[in-house]
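Spelled out, the chains give:
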Amino acid sequence: MEGALIARDRVGVQDFVLLDSHTSESAFLDNLRKRYRENLIYTYIGTLLVSVNPYKELDIYTVKQMEQYKGVNFFELPPHIYAIADNAYRVMCTEYNNHFILISGESGAGKTEASKKILQYFAVTCPTTEQLQIVRDRLLLSNPVLEAFGNAKTLRNDNSSRFGKYMDIQFDFKGAPVGGHILSYLIEKSRVVHQNPGERNFHIFYQLLEGGEEGLLRELGLERNPQKYMYLVQGRCAKVSSMNDKSDWRTVHKAFTVIDFTARDTENLFGIIASVLHLGNIQFEEDSNGHAIITTGIQIKWISKLLGVHLSILQEALTHRKIEARFEEVLSPLDVDLAFYARDAVAKAIYGRTFTWLVNKINGSLANKDLTRKTVIGLLDIYGFEVFETNSFEQFCINYCNEKLQQLLIEMTLKAEQEEYELEGIEWEPVPYFNNKIICDLVEEKHKGIISILDEECLRPGEATDLSFLEKLEDKVGNHAHFLTRKLADQKIRKSLDWMDFRLLHYAGEVTYCTVGFLEKNNDLLYRNLKEVLCRSKNGILKECFHLSELDNRRRPETVATQFKTSLVSLIDILMSKEPSYIRCIKPNDDKEGDKFDDSLIRHQVKYLGLMEHLRVRRAGFAYRRKYEHFLQRYKSLCPDTWPHWRGTAAKGVEKLIKHIGYQPEDYKMGRTKIFIRFPRTLFATEDAFEYRKHLLISRIQAKYKGCLGKREFQRRKKAAINLEAYWRGVLARKLAKKRMWAAQTIRKYIKGFIHRKQPMNPENIDFVRFVQYTYLMKLRDHIPKNVLDKSWLSPPEIMEPTSELLKKICARNLVRKYCRGITAEKKAQMEQKVVASGIFCGKKAGYAESLKEPFVDTRLSESELSPKVMQMIRHEKVKYVTPVVKYDRNGFKPRERLLVLTRVAAYVVETAKIKQKFEYATLKGISASSLSDHILVMHIPEDSKQEKGDAILQCEHFFETVTKLCMLANKQDAVTVVQGSLQFQISPGKEGTMVFTTGQEFQIYKAKNGQLTVVSPKIMS
């Protein structure tokens, strides 16, 4: 525990005794809040455990955690419920005495869960056999059965225990659980017939309806819908999202089998539960005489069948009351109000006694038949102090119980403290504390206490009412300092009290009780004729609950308050005979939300649980005490004389240690076996010094240890490296030898193959041939032609020539195929034109080879670039090609810029907006051109043509493209003549001219002196 003090600023202290401001409620709450935010829900006050409900699952209840706390010193590990359970178990085993663990707190604070965790701890950690496993299972499964019949949803808790439970777990001399016994206190029977809004009846009713088989419900006359039953709808919350009634029903049903219920027992038990639901649906109305009559017979018939009572007798008992005169019995009819009272009284009586039978049945299955002496650990799971807006008889009994338990707690704590001081030889200093015996006496004192006055009012003849009870209280205990009513209060306090209220000043604060219903609940009477009906029931459980001998007993039964007081006195006697452990459960908020800490609600619980009072008593002397051996073992490193080994007694070592640290005489006391430290700050300073010293020691140890590890690791690695090198050299040598052997064999094999390479395939040359084939194919892969024009091919070895030729053909075909597939329609047309051009000019005209790389275009000028007038003139013909040309006229051969327009039927030489000459393809005689690099073409017309103009001499930049398109459109590829030297042309009809072609330095066209047209073309270098 001391180790956690270093982080005290963040997570608080693990023991409230170590708080400097131990009297400050704010410091108490602040420490609780710090721990809750870190999911540390457990904190000690000495040996008392404070538990805060986390409202979420925490991973602190595993089997591993149980093993961790098993057999460990109480303060050695952080606070935990397992530490409480283990400490009680170890002390019981070693000292062979009895223990009890008192678990208390508000509804919803986690009391039931705490008791389950303790049972689970014992079930897992205690020694076991196959027979003992049965006892463990029964102990564990008794919980769900008692929860089903004794727990209910309230406003504060979905699984609130509505009864007090004390369970003794019996252990044999080996420490194994061999049996158990349960006592129950004050089951809240009124819940059977009435629930406040937002609350439910006991779980078993809803579990039966939700999880029961159809056949079972049919036999019990029940429907699955809880809204059909008056006793289940008053709280208006039959369904609860956090509860699975169907699953819980299966658990309870399984528990019945393990706890040794017979089929007859469960049949009778379910019959009683169903009959209670049917009772709630019985309705009464007045007859003409004002007497109550039952309005419907269906429910009463089912009750008669399930309880095994005669229908008419039951009907009469519910509507009449038997009054005994001196020598005769008279049946007096009931009015409607009394009939409803009688009905509810039967339901409460049946359920209350059935619950007692259930507890006894479980006790029978847990009973150990071995008569040897057993030690026990008791678990007391009892309601905490309750303060509601309206507090009634139940809260009065519950708070009286808590008052007695607080008295027990303080007395036993003081007793334990005093015994420890005396045992250690330290002077005991009286501790001032609030002794609540005065309040206990106010409630329970014979003839004078509130319970006695209440019983007196219930038993006296005449008309006793809740008001007369309150008046008698004012008369008899009105002068008591802890009692107040409206009549006795001063003007200021009177406003907070009603006429029917009285107020008690409990140890935990003031509580105001409303006396309405006190007498009725205390009497809890059942009319005699109704008791007679139940005593004669054929239901096996009711036979055990209602004995015929009760009818012969004319004495009035004890009141509820007296029964509770008697059972409480008995419980206190049981607890006084055992060694105590305490668990105080706290609810952090009313919304059942995790990580929400409601200061005002928790302050209220801290007060009502008496935690500050307990802390004050525990801190009255010394805040910290520890055995010399443990103290010296932990802190010996702080003193050079005690570190690392102390040779003397532990007490002498501690004395030497604290003198070196510098403890003042008033800070501590030396007992016989323990050191007692008065102030937490002294311990904190020691712990801080130890933490600093620990870091220094750890650094030194780490340095030494790292050096040792380094040296050891170096030696290990060196040895491993030597071994590895030796092995590796061997491996390498073997690999090299193997490789050389393989190389020699391979070389020999390939030499033989080379020698026999020309022979047919055989074992001696097959590897060589395959290698040659593979090598050639791999080289060929990187030298395959990329296009159709690439005629290169890798030269093959002799043995691969046939294969090479075949592959060459396949490759060529594949390239052609790929090329053909990639040709578009447009490209195809271009290629066709190129083919025509090739047929005309290839090898005939200079400059043709250079023109191959330039593709032909569809037209050099678009239609939009032609004059609209020209377009209008040739509107019936489709324009196919337009290109700029230079025309040499007939007079002096002057150059004129024109356009050559080719249509489907004719060629036109066009000036800007005028057609200068038309050549119909049908009458076109031919086309002439020279073999030189000039771009001159002559279009010849027939000699008998009626045109006045002669042949056209044109110079065209795109010569080959223009001539090819003209030939293809005129379909006169054969009409093109390529001449050398000169050519004759027709200037006009009947008149011819000569055009001479020659070469020179630059291109020229001029008219020679002899009148001939001379064309000079530059030479093209080949």
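Residues numbered from 1 in each chain as written. Predicted model: local features only at pLDDT ≥ 70, side-chain atom pairs only at ≥ 80, totals over all residues. Heavy atoms only, no water.

1. Notes on the overall build of the chain
Then step 1. If you tally the helices and strands in the chain, you get 36 helices and 31 strands.
Then step 2. A compact globule built from 1022 residues should have a C-alpha radius of gyration of about 31 Å, whereas the chain, at 59 Å, is more than 25% larger.
Then step 3. If one aligns the C-alpha atoms of the chain with their principal axes, the spans along those axes are about 175 × 100 × 75 Å.
Then step 4. In the chain, buried positions account for 49% of the 1022 residues.
Then step 5. Restricting the contact set of the chain to residue pairs at least 6 apart, pairs at least 24 apart contribute 63%. (Helix = DSSP H or I, 4+ residues; strand = E, 2+ residues; numbered from the N terminus. Rg over C-alpha atoms; globule rule 2.2 N^0.38 Å. Buried < 20%, exposed > 50% of the residue type's maximum accessible area, 1.4 Å probe, protein only. Contact = heavy atoms within 4.5 Å.)

2. Observations concerning the nonpolar core
Then step 1. Ranked by internal contacts, the top residues of the largest apolar core, which has 116 residues, are Phe-122, Phe-149 and Phe-205.
Then step 2. For Phe-205, the residues in contact, after removing those within four places along its chain, are Leu-232, Ile-273, Val-276, Leu-277 and Tyr-351.
Then step 3. Core analysis: the second largest hydrophobic core is formed by 87 residues, Leu-29, Ile-45, Phe-385 and Tyr-663 among them. (Core = buried A, V, L, I, M, F, W, Y, C linked by side-chain atoms within 4.5 Å.)

3. Some words on the side chain of Arg-33
Then step 1. For Arg-33, the position within the fold is in helix H2 (residues 25-37).
Then step 2. Residue class for Arg-33 comes out buried when judged on its relative accessible area of 15%.
Then step 3. Beyond its immediate sequence surroundings of up to four residues, Arg-33 is in contact with Phe-597 and Asp-599.

4. Re the sheet that holds strand S13 (residues 483-485)
Then step 1. Ordered in space as S13-S14-S15, the 3 strands form an open sheet in which the pairing is antiparallel. With one partner strand each, in any of the chains shown, S13 and strand S15 (509-514) form the two edges of the open sheet. Adjacent strand axes in the sheet meet at a mean angle of 25 degrees, parallel and antiparallel pairs treated alike.
Then step 2. Relative to S15, strand S14 (residues 501-506) is paired through 6 bridges, and the arrangement is antiparallel. Bridge pairing in S15 places Leu-505 opposite Glu-510. (Pairing = 2+ DSSP bridges. Axes fitted to C-alpha atoms, helices over the stretch in contact; angles between N-to-C directions.)

5. Structural notes on the pattern of salt bridges
When charged atoms on two side chains of opposite charge get close, those side chains can pair.
Then step 1. Taken as a whole and assessed by the stated rule, the structure comprises 41 salt bridges.
Then step 2. The salt bridge involving Asp-158 is made with Lys-592; its shortest N-O contact spans 2.7 Å. Taken together, the residues span a long stretch of sequence, with Asp-158 in the loop between strand S4 (151-152) and strand S5 (160-161) and Lys-592 in the loop between strand S16 (579-586) and helix H26 (599-608) at a distance of 434 residues.
Then step 3. Under the relative-accessibility criterion, Lys-592 is labelled partly exposed at 28%.
Then step 4. Linking Asp-889 and Arg-896 is a salt bridge whose minimum nitrogen-to-oxygen distance equals 3.3 Å.
Then step 5. Look at the salt bridges and you will find they share partners, linking Asp-30, Arg-33, Lys-34 and Asp-599 into a network. (Salt bridge = Lys/Arg side-chain N within 4 Å of Asp/Glu carboxyl O.)

6. Brief notes about the packing of helix H8 (residues 203-211) against helix H11 (residues 245-258)
Then step 1. Taken N-terminus to C-terminus, the directions of H8 and H11 make an angle of 100 degrees; their axes are 8 Å apart at the nearest point. In terms of orientation, H8 lies roughly perpendicular with respect to H11. Of H11, the residues touching H8 (which contributes Ile-204, Tyr-206, Gln-207, Leu-208, Glu-210 and Gly-211) are Asp-245, Lys-246, Asp-248, Trp-249 and Val-252.
Then step 2. Per-class residue counts for the contact of H8 with H11 are 5 nonpolar, 2 polar and 4 charged. (Parallel < 35°, antiparallel > 145°, perpendicular 65-115°, else oblique. Nonpolar A, V, L, I, M, F, W, Y, C, P; charged D, E, K, R; others polar.)

7. Digging into the sheet that holds strand S27 (residues 976-979)
Then step 1. Taken in spatial order, the 8 strands make up an open sheet running S23-S22-S21-S20-S26-S25-S24-S27, and their pairing is mixed. Looking at which strands have only one partner, the edges of the open sheet turn out to be strand S23 (914-920) and S27. Sheet twist, expressed as the mean angle between neighbouring strand axes with direction ignored, is 30 degrees.
Then step 2. Pairing geometry for strand S25 (residues 936-940) and strand S26 (residues 952-956), over 4 bridges, is antiparallel. Note that in S26 the partner of Leu-937 across the bridge is Leu-954.
Then step 3. Packing against the sheet, helix H36 (residues 959-970) makes contact with strand S20 (879-888), strand S21 (895-903), strand S22 (906-911), strand S24 (926-930), S25, S26 and S27, and its axis sits at approximately 40 degrees to S21.

8. Focus: H36
Then step 1. The terminal C-alpha atoms of H36 lie 16 Å apart, and with 12 residues this matches the ideal 16 Å at 1.5 Å per residue to within 8%.
Then step 2. For H36, the buried fraction is high: 10 of the 12 residues fall into the buried class.
Then step 3. Just past H36, the residue Asn-971 takes up positive phi, approximately 55 degrees. (Expected span 1.5 Å × (residues − 1).)

9. Examining the packing of aromatic side chains
Then step 1. Using the criterion set out here, one finds 36 aromatic pairs in the structure.
Then step 2. Residues Phe-396 and Phe-518 carry aromatic rings whose centres are separated by 5.9 Å and whose planes lie at 55 degrees to one another, so their mutual orientation is tilted. Here the residue Phe-396 occupies a position in helix H16 (residues 393-424), and Phe-518 occupies one in helix H21 (residues 518-523), the gap between them amounting to 122 residues.
Then step 3. On the basis of relative accessibility, which here comes to 0%, the residue Phe-518 falls in the buried class.
Then step 4. In textbook terms, an aromatic cluster arises when at least three aromatic residues are bridged by ring pairs, as seen for Phe-393, Phe-396, Phe-469, Phe-483, Phe-502, Tyr-513 and Phe-518.
Then step 5. The ring of Tyr-206 carries Arg-200 above its face, with NZ or CZ at 4.0 Å from the centroid. (Phe/Tyr/Trp six-rings, centres within 6.5 Å; stacked < 30°, edge-to-face > 60°. Lys NZ or Arg CZ within 6 Å of the ring centre and 35° of its normal.)

10. Focus on empty space enclosed by the protein
Then step 1. Following the criterion strictly, the structure yields 10 cavities of 30 Å³ or more and no others.
Then step 2. Of the pockets and cavities examined, the largest cavity occupies roughly 80 Å³.
Then step 3. Residue lining of the largest cavity: Ser-161, Arg-162, Leu-186, Glu-188, Tyr-383, Glu-386, Glu-394 and Ile-398, and that is the complete set.
Then step 4. Along the lines of polarity and charge, the residues of the lining of the largest cavity split into 3 nonpolar, 1 polar and 4 charged.
Then step 5. Together, Thr-112, Asn-143, Leu-146, Glu-147, Asn-151, Ser-161, Phe-163, Lys-165 and Asp-381 line the second largest cavity.
Then step 6. The class makeup of the residues in the lining of the second largest cavity is 2 nonpolar, 4 polar and 3 charged. (1 Å grid on protein atoms, 1.4 Å probe; cavity = no way out; pocket = protein on both sides within 12 Å on 5 of 7 lines; lining within 4 Å. Points joined across faces, edges and corners; volume = space filled by probe spheres on them.)

11. What about the confidence of the model for the chain?
Then step 1. Residues at a pLDDT of 70 or more form 97% of the chain, whose mean pLDDT is 86.
Then step 2. Here residues 1-5 is modelled with pLDDT under 50, and outside its nearest four sequence neighbours on either side it reaches 19 contacts, counting other chains as well. (pLDDT = per-residue confidence, 0-100.)

12. Notes on the layout of surface pockets
Then step 1. The computed volume of the largest pocket comes to approximately 2200 Å³.
Then step 2. Considering the residues around the largest pocket, the lining is formed by 50 residues, among which Asn-523, Asp-524, Leu-525, Leu-526 and Pro-557 are closest to the centre.
Then step 3. Put simply, the parts of the chain that give the lining of the largest pocket at least two residues each are strand S7 (177-185), strand S10 (320-324), helix H15 (336-366), H16, H21, helix H22 (528-535), helix H23 (540-545) and helix H25 (560-576).
Then step 4. Broken down by element, the residue count for the lining of the largest pocket peaks at 12 residues, all from H15.
Then step 5. Its residues assigned to classes, the lining of the largest pocket shows 20 nonpolar, 11 polar and 19 charged.
Then step 6. Its boundaries defined by the atoms lining it, the second largest pocket holds a volume of some 1600 Å³.
Then step 7. As for the second largest pocket, its lining consists of 46 residues, and the residues nearest its centre are Thr-47, Asn-87, Val-91, Glu-420 and Lys-674.
Then step 8. Looking at the lining of the second largest pocket, the elements that each hand over two or more residues are helix H4 (81-95), H16, S16, helix H27 (611-618) and strand S17 (624-627).
Then step 9. In terms of residue class, the lining of the second largest pocket is made up of 17 nonpolar, 14 polar and 15 charged.

13. Here we look at the packing of helix H28 (residues 628-635) against helix H29 (residues 650-661)
Then step 1. Their axes nearest at 9 Å, the elements H28 and H29 cross at an angle of 45 degrees. The angle between the axes of H28 and H29 places the two elements in the oblique class. H28 and H29 meet at a crossing whose hand is left-handed. Counted together, Tyr-628, Glu-629, Phe-631, Leu-632 and Tyr-635 of H28 and Ala-650, Ala-651, Gly-653, Val-654, Leu-657 and Ile-658 of H29 form the full contact between these two elements. (Left-handed = near helix turned anticlockwise from the far one by under 90°.)

14. Describing unusual backbone geometry
Then step 1. The omega torsion of the bond from Trp-643 to Pro-644 falls at 0 degrees, within 30 degrees of zero and hence cis.
Then step 2. With respect to the element layout, Pro-644 can be found in the loop between H28 and H29.
Then step 3. With a phi close to 55 degrees, Lys-592 is a non-glycine residue in the positive phi region.
Then step 4. Look at Asn-971: it is not a glycine, yet its phi comes out positive at around 55 degrees.

15. Thoughts on the environment of His-482
Then step 1. Examined against the element boundaries, His-482 turns out to sit in the loop between helix H19 (466-477) and S13.
Then step 2. Non-local contacts of His-482, meaning those with residues more than four positions away in its chain, are made with Phe-434, Ile-438, Ile-439, Leu-442, Arg-503, Leu-504 and Leu-505.

16. Things to note about a nonpolar patch on the surface
Then step 1. A cluster of nonpolar side chains, namely Ile-747, Ile-751, Phe-754 and Ile-755, defines an oily patch on the protein surface of about 410 Å² accessible area.
Then step 2. If you trace the backbone, Ile-747 turns up in helix H30 (residues 680-755). (Patch = residues over 30% accessible without salt bridge, like charges linked within 9 Å, V, L, I, M, F, W, Y side chains within 5 Å. Areas by Shrake-Rupley, 256 points an atom, 1.4 Å probe, with all protein chains shown as cover.)

17. Some remarks on helix H5 (residues 111-125)
Then step 1. Under the 1.5 Å per step criterion, the end-to-end length of H5 is 21 Å for 15 residues, consistent within 8% with the ideal 21 Å.
Then step 2. Counting buried positions along H5 gives 12 out of 15 residues, so the element sits mostly inside the fold.
Then step 3. The set of residues buried in H5 consists of Lys-111, Thr-112, Ala-114, Ser-115, Lys-116, Lys-117, Ile-118, Leu-119, Tyr-121, Phe-122, Ala-123 and Thr-125.

18. Considerations on the side chain of Gln-299
Then step 1. Of note, Gln-299 is situated in helix H13 (residues 298-307).
Then step 2. What makes Gln-299 buried here is its relative accessible area of 16%.
Then step 3. One polar contact links Gln-299 to His-278, side chain to side chain, over a distance of 2.7 Å.
Then step 4. Excluding residues that lie within four positions of it along the chain, Gln-299 makes contacts with His-278, Asn-281 and Ile-282. (Polar contact = N/O pair within 3.5 Å; in protein donor to acceptor, adjacent residues only side chain to side chain.)

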